[in-house]
Amino acid sequence: EAEAKQLEEERRRAEFKASSYDQVFKSVGEQYNIDWRLLAAIAKAESGYNYDIESPAGALGLMQIMPKVAEQFDISREQLLNVGINVDLAAQILLGNKKMLRLPENISEKEQWRFILACYNAGYGRVADARALAKHYGSNHNRWNEVAMCLGWLADPDFSKHKVVKYGAFHGSKETVGYVNKVMHIYNKYSNNSTDL
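The rules behind these values
- Each residue is numbered by its place in its chain's sequence as written, counting from 1.
- In keeping with the predicted nature of the model, local features appear solely for residues at pLDDT of at least 70, side-chain atom pairs appear and are counted solely at 80 or more, and the whole-chain, interface and lining totals rest on all residues.
- To get the side-chain values, all heavy atoms of the structure are used, and hydrogens and water are removed first.
- Helix and strand assignments come from DSSP, with helices taken as H or I runs of at least 4 residues and strands as E runs of at least 2, each series counted from the N terminus.
- A radius of gyration in this sense is built from C-alpha atoms; the matching globule rule multiplies 2.2 Å by the number of residues raised to 0.38.
- Between two residues, a contact is recorded if the distance between any of their heavy atoms is within 4.5 Å.
- The nonpolar core is taken to be a set of buried Ala, Val, Leu, Ile, Met, Phe, Trp, Tyr and Cys residues, with the residues joined through side-chain atoms within 4.5 Å.
- Relative accessibility under 20% of the residue-type maximum defines a buried residue, over 50% an exposed one, and the middle range a partly exposed one, all with a 1.4 Å probe and only protein chains included.
- A pocket, in this scheme, is an open set of points on a 1 Å grid over the protein atoms alone with protein on both sides within 12 Å along at least 5 of 7 lines, while a cavity is a set where a 1.4 Å probe fits but cannot get out; residues line either one if an atom lies within 4 Å of a point.
- Grid points are joined across faces, edges and corners, and a volume is the space filled by probe spheres set on the points.
- Any residue that is not Ala, Val, Leu, Ile, Met, Phe, Trp, Tyr, Cys, Pro, Asp, Glu, Lys or Arg is counted as polar, Gly included; the first ten are nonpolar and the last four charged.
- Lines fitted to C-alpha atoms define the axes here, with helix axes fitted over just the stretch in contact, and angles between the N-to-C directions of these axes take values from 0 to 180 degrees.
- Small angles under 35 degrees read as roughly parallel and large ones over 145 as roughly antiparallel, with 65 to 115 read as roughly perpendicular and the rest as oblique.
- Only centres within 6.5 Å qualify two rings of Phe, Tyr or Trp (six-membered ring in Trp) as a pair; their planes then separate them into stacked at under 30 degrees, edge-to-face at over 60, and tilted for everything else.
- Criterion for a charge above a ring: Arg CZ or Lys NZ at most 6 Å from the ring centre, at most 35 degrees from the ring normal.

What follows concerns the overall build of the protein. Secondary structure summary: the protein contains 10 helices and 0 strands in total. Going from the N terminus to the C terminus, the protein shows its helices and strands as α-α-α-α-α-α-α-α-α-α. Since a compact globule built from 197 residues should have a radius of gyration of about 16 Å, the 18 Å found for the protein is in line with a globular shape. With the principal axes as the frame, the protein shows a C-alpha extent of 55 × 45 × 25 Å. Partitioning the contacts of the protein with sequence separation of at least 6, the portion at a separation of at least 24 is 54%.

Phe 25, Ile 42, Tyr 49, Leu 62, Met 63 and Tyr 120 are the most contacted members of the largest nonpolar core, which has 61 residues in total. Mapped onto this core, the elements with two or more residues apiece are helix H2 (22-32), helix H3 (36-47), helix H5 (83-101), helix H6 (109-122), helix H7 (124-136), helix H8 (144-153) and helix H10 (173-191). If near-sequence neighbours (up to four positions away) are discounted, Leu 62 is found in contact with Tyr 21, Phe 25, Ala 43, Glu 46, Ser 47, Tyr 49, Asn 50, Tyr 51, Val 83, Asn 86 and Val 87.

In this structure, Asn 33 takes a positive phi of about 60 degrees despite not being glycine. Phi at Arg 102 is positive, roughly 45 degrees, even though this residue is not glycine. Along the chain, Arg 102 turns up in the loop between H5 and H6.

Right, let's get into the layout of surface pockets. Space left empty within the atom packing is revealed by a probe, the size of a water molecule, rolled over the atoms. Of the voids in this model, the largest pocket is the one considered here, and its volume is about 770 Å³. Met 66, Val 69, Cys 119, Tyr 120 and Asn 121 are the residues nearest the centre of the largest pocket, which is lined by 24 residues in total. Of all elements in the fold, only helix H4 (67-71), H5, H6 and H10 reach the threshold of two or more residues within the lining of the largest pocket. Among the elements that make up the lining of the largest pocket, the one with the highest residue count is H5 (5 residues). Residues belonging to the lining of the largest pocket are distributed by class as follows: 13 nonpolar, 8 polar and 3 charged.

It is worth spelling out the packing of H6 against H7 at this point. For the pair H6 and H7, the least separation of the axes is 6 Å and the interaxial angle reads 125 degrees. Between H6 and H7, the interaxial angle falls into the category oblique. The residues of H7 that touch H6, namely those facing Phe 115, Ala 118, Cys 119 and Ala 122, are Tyr 124, Arg 126, Val 127 and Arg 131. Classifying every residue of the contact of H6 with H7 by side-chain character gives 6 nonpolar, no polar and 2 charged.

What follows covers the packing of aromatic side chains. By the definition in use, this model includes 7 aromatic pairs. Their ring planes at 45 degrees and their centres at 6.3 Å tell us that Phe 25 and Tyr 49 sit as a pair that is tilted. Taken as a pair, Phe 25 in helix H2 and Tyr 49 in the loop between H3 and H4 lie far apart in primary sequence, 24 residues in all. For the pair shown, Phe 25 and Tyr 49 are each scored as buried. Among the aromatic side chains, those forming a connected cluster through ring pairs are Phe 16, Trp 36 and Tyr 190. Taking NZ or CZ as reference, Lys 26 lies 4.8 Å from the ring centre of Trp 36, over its face. The lysine or arginine in question, Arg 131, covers the ring of Phe 115, its NZ or CZ lying 5.5 Å from the ring centre.

The structure is reproduced here in structure tokens:
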């Protein structure tokens, strides 16, 4: 009975389809050891799987990467519209943020991803500032909910000018927190083999 259930679950997982780009997410995910469904969830949240979209801010492609960020990896604006290159670069950016965050090993993988996604959306510096404030005021700088609150404080000059803050005022915390919640919601659905968003 249990074995049959497990086989059925594996079959459903194998058949699960998030988008027409699943093969790209799977190969990039395998290369960088990132769950492909998380990459798919980011693409869904960022572009709705529209590979040639440009945001009002100028971010490009499936994973909405800024050309100035791509330049740091020697990738041109034109190359960003290539789905494989776009997803591969997103994976490198995600892992780069993970490395810079230096989160403790004992926090759950999902919690780590909340921080990494916040960096992907707002930039590492903003998240680092919020963590510094959390630590300074005695909150847990390794808990996303507490850091998310401090991210909101960065809109207030009393906090944005604080000695532990390096990057100054930030007014996008609602968007960033909403983004993290949205991606994690999609990812949880995808993890349960559901596209019913």
